[in-house]
Amino acid sequence: MLRHLTPLLLDKGWGRIVAITSASVKQPMPRHAVSSIFRAGVHAALKHLVDEVGPHGVTVNAVAPATVITPTFANYHNLDARVAAIPLKRPGKGEELGATVAFLASDHAGFITGETIQFDGGMTRALL
């Protein structure tokens, strides 16, 4: 996707790339090994892309959600256990995640690039 999208943004001289990854990139989670490995690679690719597209007015960021409630989330996860691990003691809302992505895609985030916003209610305990 980036291979096809990036040239369009470079030609335009402006753009925002926002990837949705996972909190497991910074803090491994049980039963998420393959997902964590794949998403760590995505993060590495994004970090390299920052230098390539930044001079052309394009920012590159990621949002790393953990527990975001969806209609099917509880079918695959123990919601009570997941919420117990979150300092805010509630799951994230899709609207909150969307607003975070919208901010990173806006003019207001024009000087933010190469960053990952942990969207996990404080669950990730990693220092960096």
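Quantities reported herein were computed from a predicted structural model and do not represent experimental measurements.

About the thresholds
Residues numbered from 1 in each chain as written. Predicted model: local features only at pLDDT ≥ 70, side-chain atom pairs only at ≥ 80, totals over all residues. Heavy atoms only, no water. Helix = DSSP H or I, 4+ residues; strand = E, 2+ residues; numbered from the N terminus. Buried < 20%, exposed > 50% of the residue type's maximum accessible area, 1.4 Å probe, protein only. Pairing = 2+ DSSP bridges. Right-handed = clockwise from strand over helix to strand, strands pointing away. Axes fitted to C-alpha atoms, helices over the stretch in contact; angles between N-to-C directions. Contact = heavy atoms within 4.5 Å.

### With respect to unusual backbone geometry
Thinking step 1. Here the phi dihedral of Lys-89 falls at roughly 60°; this positive angle occurs in a residue that is not glycine.
Thinking step 2. Along the polypeptide, Lys-89 turns up in the loop between α4 (79–84) and α5 (94–104).

### Re the pairing of strand β2 (residues 58–65)
Thinking step 1. With 8 of its 8 residues buried, β2 lies for the most part within the structure.
Thinking step 2. Residue alternation in β2 divides its side chains into two sets, Val-58, Val-60, Ala-62 and Ala-64 and Thr-59, Asn-61, Val-63 and Pro-65, and both sets are buried.
Thinking step 3. Relative to β2, strand β1 (residues 15–20) is paired through 6 bridges, and the arrangement is parallel. Bridging from a neighbouring strand, Ala-19 pairs with Ala-62 of β2.
Thinking step 4. Handedness of the crossover is the feature at issue here: the chain leaves β1, passes through helix α2 (residues 33–53), returns alongside β2, and the resulting connection is right-handed.
Thinking step 5. Two elements, β2 and strand β3 (residues 115–119), share 5 bridges in a ladder whose sense is parallel. Within β3, the residue paired with Pro-65 across the bridge is Phe-119.

### Details of the sheet that holds β3
Thinking step 1. Taken together, the 3 strands give an open sheet; going across it, the order is β1-β2-β3, and neighbouring strands pair in parallel fashion. The sheet is open, and its two edges are formed by β1 and β3, each paired on a single side. Recorded for the sheet is a direction-independent mean angle of 20° between the axes of neighbouring strands.
Thinking step 2. Contacting β1, β2 and β3, α2 runs over the sheet at an angle of about 160° to β2.

Treat this as a map of the structure, not an account of what it does.
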